[in-house]
Amino acid sequence: MSTAPATAAAPAGAPPAPATIAVRSWKAPIAFAVFTVISIVLFFLVGRPDLAGGNPTTTYRLTEARDAIQLPPLALGLAETTIVVTILMAAATVGAVLLARAAIRVPVWLTTIFAALFLVGFLTWAAAGATVPMIGLLAGALTVSTPLIFGSLGGVISERVGVVNIAIEGQLLGGAFMAAMVGTLTGSPYAGLLGAMVAGALVSFVLAAFAIKYVVDQVIVGVVLNVLVLGLTSFLYSTVMVPNADTFNSPEKFQRIALPLLSEIPIIGPILFRQTVIVYLMYVAIVLVWFGLFKTRWGLRLRAVGEHPTAADTVGIDVRATRFWNVLLAGAIVGGGGAFFTLAAVGSFGKDMTNGAGFIALAAVIFGRWDPIRATLAALLFGFATNLQSTLSIVGSPVPSEFMLMLPYVVTIVAVAGFVGLSRAPAASGKPYLKA
Amino acid sequence: MSDTTQTTPGAPAPQTSPANPPRSNQMLKEILGGSAAISVLAVVLALVVGGVLVILTDERVAETAGYFFARPADALGAAWQAVSGAYSALFRGSVFNYATDRGFAIAIRPLLETLAFATPLIAAGLGVALAFRVGLFNIGGRGQMLIAASAAGYVGAYVPLPPVLHLVVALVAGVIGGALWGGLVGLLKARTGAHEVIVTIMLNYIAFYLVSFLLRTPGALQAPGQNNPKSGPILDSAVYPTLLGPQYTLDIGFILVIVATIYVWYLLNRSAMGFQFRAVGENPHAAQVAGIDVKAVYVKVMLIAGALVGLAGVQQVLGTFTGGFAAGLDAGIGFDAITVALLGRSKPWGVFFAGILFGALKAGSFTMQSAEGIPVDIVLVVQSFIVLFIAAPPLVRAIFRLPTPDGGFQWRMPVIARKAEVTK
């Protein structure tokens with residue numbers, strides 16, 4: 001084990017790579033320029049012709065009626081906000097171009113500020129003349145993201161250990177089904193959550209058995225498992241749950257719990273700390289997965305198996321066992337996220353109720369470059385886009401809702417195509433390990 | 001910026017050292033490797049699993065199982081009743097309705113119904129299979145179908161043309177639409193190394209929302225003077241003519257699909273381009289060394305695959321939903337096509353017969369639901385088990401105690417449930 005810190009420290013202490021490679025990447029400046037042009041078109045050429053006269057304002061409500069500390073709502077005028085935002089965005093674009101010319105990578109903070117600017121401008125434009133409930137928007141986004149985050153955490157673990165997990169969708173759906181079933185039979189949502197984790201692990205078990213023991217292509221198994229779980233849950237839903245909904249499909253839901261003190265922090269409190277137990281578990285899971293992957297022996301072994309199984313085998317790590325148990329763990333985490341659908345959101349199971357969330361989680365894994373924190377952020381982004389769409393459709397926005405819903409997928413393609421920076425999968429992900 | 005060194009995200013990254021053939025190559029071997037016997041046994045096993053599921057959820061069985069040890073014959077009889085009822089309904093609904101007394105013309109209708117259900121499955125299956133042969137995994141059937149269907153549907157419903165010409169133009173428009181949507185995947189794969197699995201999944205959703213938007217936008221696809229997100233009816237001049245008279249749903253699309261199967265067979269086995277396709281599928285590095293432009297092959301194969309899947313989308317619009325279509329027109333065919341291609345081992349005629357088998361399951365499932373009250377979803381279960389068993393020949397061999405061929409695999413443990421072996 002003494003070699004591990006040394007090898008881990010080596011890249012950190014080494015001189016930064018760009019010094020030797022010196023690649024001028026024009027991807028960020030191009031992306032910046034595209035978004036700046038989009039802003040100019042939307043804000044000034046399209047504008048809001050539907051709003052008659054004057055300069056409409058967008059009101060951001062920052063507190064809810066029940067909050068102890070009340071903040072005044074923030075009112076932004078459409079004209080001045082969009083002008084300021086667009087000028088700043090143009091400046092950022094120029095900055096990015098200069099950086100690219102000097103062969104310096106555009107720093108993450110600049111991208112973040114740019115994205116935030118665009119968002120403020122877009123929101124102000126889209127919701128002009130109306131009130132945006134910021135707390136509801138952000139808290140809702142967090143809620144919508146919950147299964148995506150669980151899914152992407154499981155995906156990260158599974159892919160880091162070297163097994164591609166296309167079956168996230170199936171694990172979520174299986175978890176949702178089992179959570180409703182067990183939750184109703186036992187009368188306890190906690191038992192339902194446990195059942196959901198078992199269901200996710202079961203799906204993972206089939207994935208692991210076929211991928212690791214029978215060396216079947218992992219993508220094929222994953223795709224087939226999604227179909228299988230969809231078929232099984234739909235079949236059992238029709239034959240078992242529908243005729244006896246009271247005995248099998250009416251679980252008690254998790255209630256929102258406001259954490260004392262924390263939930264009274266202005267803005268942050270109501271968003272983060274007035275959620276269900278599943279969301280609080282999610283916070284714990286994110287931290288644990290990050291810490292486990294990068295700070296413990298377990299994580300080091302897991303990553304070694306996913307990056308270079310032969311080397312891991314040589315130093316005495318049982319590659320197939322490591323893969324098997326960690327894929328099971330990943331399934332349990334995803335399955336727990338599936339409980340969100342039946343125990344927190346809807347309150348009963350329905351056919352195909354995950355509706356592609358697993359595929360979005362998969363996209364978050366790749367968008368987040370196989371890193372638990374980044375994957376979480378990506379999942380939050382997708383959740384935010386979804387919730388923004390529903391919020392804007394309530395306030396009445398000029399953008400067709402379909403295009404808002406399309407956004408996460410477009411962003412993912414752009415990310416996968418390499419505009420967000422080089423994304424590198426764990427080297428041995430998807431490859432079965434056959435001992436010579 | 002250097003495309004060759006950039007790692008493709010996701011599963012089968014073709015960047016291993018030239019000494020080892022890449023993952024896509026092994027995947028191909030798995031798909032093509034098994035024998036016909038394994039396929040038949042896989043279907044039998046999957047039907048057994050389906051039967052077990054029917055027994056477990058049957059009410060009569062549940063009642064009689066309560067006193068199983070007192071009178072086991074009751075429970076066994078009920079189980080037999082459930083399974084035989086289910087599978088005879090499946091037969092009546094998919095091959096020959098022996099129960100009817102209205103003559104042969106009615107009794108044979110289920111078989112033609114099966115062929116009608118099989119038509120889009122074969123077309124889409126060919127598209128997926130062709131991509132498989134190059135080592136690409138085309139999960140984008142749904143998106144390619146939707147785009148193709150929208151293009152064909154727009155021409156078919158809103159662009160009046162003379163009779164035969166109209167049908168041809170609508171068909172061509174749809175096929176081109178599918179080809180472009182598929183070709184986009186090939187282009188992204190070739191230019192940026194983006195993994196086709198992710199790109200196709202994302203393009204499915206983008207196509208779905210795009211078509212949903214078009215379907216509720218007057219002047220685009222929405223029927224004039226309507227509020228539903230649904231297109232107008234296809235004009236008579238663009239509707240596929242039926243083959244055997246109006247009492248059967250089988251239409252000219254089936255002939256088109258036969259032609260497509262022959263074309264794919266010719267393409268893969270007799271043409272220079274097909275040789276390149278297969279070479280890239282076997283080993284892209286070797287193909288590159290041999291002077292084949294691998295990137296161009298990726299784009300070409302996805303164009304053709306998209307066109308084939310697009311044919312399935314056109315079938316849905318001009319053949320099935322002629323009264324106007326909604327965003328759910330793909331009816332899961334884009335995903336079923338993956339299982340069809342796997343069952344057909346990605347060979348053109350294999351896909352053809354696999355498509356007919358799945359068409360039969362689909363046609364029969366409706367009779368099963370109406371006659372025996374078994375939800376149609378059981379077909380999904382049977383289908384996925386078929387593919388799982390086919391993908392893991394050692395498992396099927398172990399269950400039936402078949403001898404292992406002289407391959408690299410030696411499996412002693414008979415059941416997958418014995419995970420102790422896996423973990424060692």
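Worth saying up front: this structure is predicted, and the values here are computed from it rather than measured. (Residues numbered from 1 in each chain as written. Chains lettered and ligands numbered in written order. Predicted model: local features only at pLDDT ≥ 70, side-chain atom pairs only at ≥ 80, totals over all residues. Heavy atoms only, no water.)

The subject of this paragraph is the overall build of chain A. A count of helical and extended segments in chain A gives 18 helices and 5 strands. Counting all 436 residues of chain A, 55% fall into the buried class. Partitioning the contacts of chain A with sequence separation of at least 6, the portion at a separation of at least 24 is 77%. With an accessible surface of roughly 17900 Å², chain A has 72% of that area assigned to carbon and sulfur atoms. (Helix = DSSP H or I, 4+ residues; strand = E, 2+ residues; numbered from the N terminus. Buried < 20%, exposed > 50% of the residue type's maximum accessible area, 1.4 Å probe, protein only. Contact = heavy atoms within 4.5 Å. Areas by Shrake-Rupley, 256 points an atom, 1.4 Å probe, with all protein chains shown as cover.)

Residue and element names in this part refer to chain A. Here Asn165 lies in the loop between helix 6 (134-160) and helix 7 (168-186). Residues contacting Asn165, with those up to four places away along its chain left out, are Gly154, Ser158, Glu159, Gln171, Leu207 and Leu362. A distance of 3.1 Å separates the side chain of Asn165 from the backbone nitrogen of Ala167, its partner in a polar contact. (Polar contact = N/O pair within 3.5 Å; in protein donor to acceptor, adjacent residues only side chain to side chain.)

A separate point is helix 9 (residues 218-241) of chain A. In terms of burial, helix 9 of chain A is a largely internal element, 19 of the 24 residues being buried. Its side-chain oxygen at 3.0 Å from the backbone nitrogen of Val219 of chain A, Asp217 of chain A defines the N-terminal cap of helix 9 of chain A.

Right, let's get into the packing of aromatic side chains. Residues and elements named next belong to chain A. As enumerated under the stated definition, the model contains 28 aromatic pairs over all chains in all. A ring pair is formed by Phe35 and Phe118, whose centres lie 5.1 Å apart and whose planes are at 75 degrees; its orientation type is edge-to-face. Remark: Phe118 occurs in helix 5 (residues 108-126) and Phe35 occurs in helix 3 (residues 27-46); sequence separation between them is 83 residues. The class for Phe35 is partly exposed, based on a relative accessible area of 35%. Ring centres of Phe324 and Trp325 lie 5.2 Å apart, and the angle between their planes is 90 degrees; this geometry places the pair in the edge-to-face category. Looking at Trp325, the relative accessible area reads 45%, which means it is partly exposed. One aromatic cluster is present, formed by Phe35, Phe43, Phe44, Phe118, Phe122 and Trp125 through successive ring pairs. (Phe/Tyr/Trp six-rings, centres within 6.5 Å; stacked < 30°, edge-to-face > 60°.)

Another aspect to go through is the sheet that holds strand 1 (residues 57-61) of chain A. All names here are of chain A. What the 3 strands build is an open sheet, ordered 2-1-3; its pairing is mixed. Whereas interior strands pair on both sides, the edge strands pair on one side only; in this sheet they are strand 2 (74-77) and strand 3 (131-133). Strand-to-strand, the axes of this sheet are offset by a mean angle of 20 degrees, without reference to chain direction. Where strand 1 lies against strand 2, 4 bridges are found, and the strand directions are antiparallel. (Pairing = 2+ DSSP bridges. Axes fitted to C-alpha atoms, helices over the stretch in contact; angles between N-to-C directions.)

The biggest cluster of nonpolar side chains holds 215 residues, and the ones touching the most others in it are Leu130, Phe137 and Phe277 of chain B. Setting aside anything within four residues of it in sequence, one finds Phe137 of chain B in contact with Val219, Ile220 and Val223 of chain A together with Phe132, Glu196, Val197, Thr200 and Ile338 of chain B. Judged by nonpolar contacts, the second largest core, of 30 residues, contains Tyr60, Phe122, Leu137 and Ala141 of chain A. (Core = buried A, V, L, I, M, F, W, Y, C linked by side-chain atoms within 4.5 Å.)

A separate point is the packing of helix 7 (residues 141-158) of chain B against helix 8 (residues 163-192) of chain B. Residues and elements named next belong to chain B. Look at helix 7 against helix 8: their axes get within 7 Å of each other, and the N-to-C directions meet at 150 degrees. Overall, the two elements helix 7 and helix 8 adopt an arrangement that is roughly antiparallel. By crossing handedness, the relation of helix 7 to helix 8 is classed as right-handed. Residues Gly143, Gln144, Ile147, Ala148, Ala151, Ala152, Val155 and Gly156 of helix 7 form the contact with helix 8, whose own contacting residues are His166, Val169, Ala170, Ala173, Gly174, Gly177, Gly178, Trp181 and Gly182. Looking at the contact of helix 7 with helix 8, its residues break down into 9 nonpolar, 8 polar and no charged. (Parallel < 35°, antiparallel > 145°, perpendicular 65-115°, else oblique. Left-handed = near helix turned anticlockwise from the far one by under 90°. Nonpolar A, V, L, I, M, F, W, Y, C, P; charged D, E, K, R; others polar.)

Glancing now at unusual backbone geometry. Residue and element names in this part refer to chain A. Of note, Leu261 is a non-glycine position whose phi angle comes to about 65 degrees, a positive value. Here Leu261 falls in the exposed class, since its relative accessible area comes to 74%. Even without a glycine there, the phi angle at Arg369 is positive, about 50 degrees. Within the fold, Arg369 resides in the loop between helix 16 (357-367) and helix 17 (372-395).

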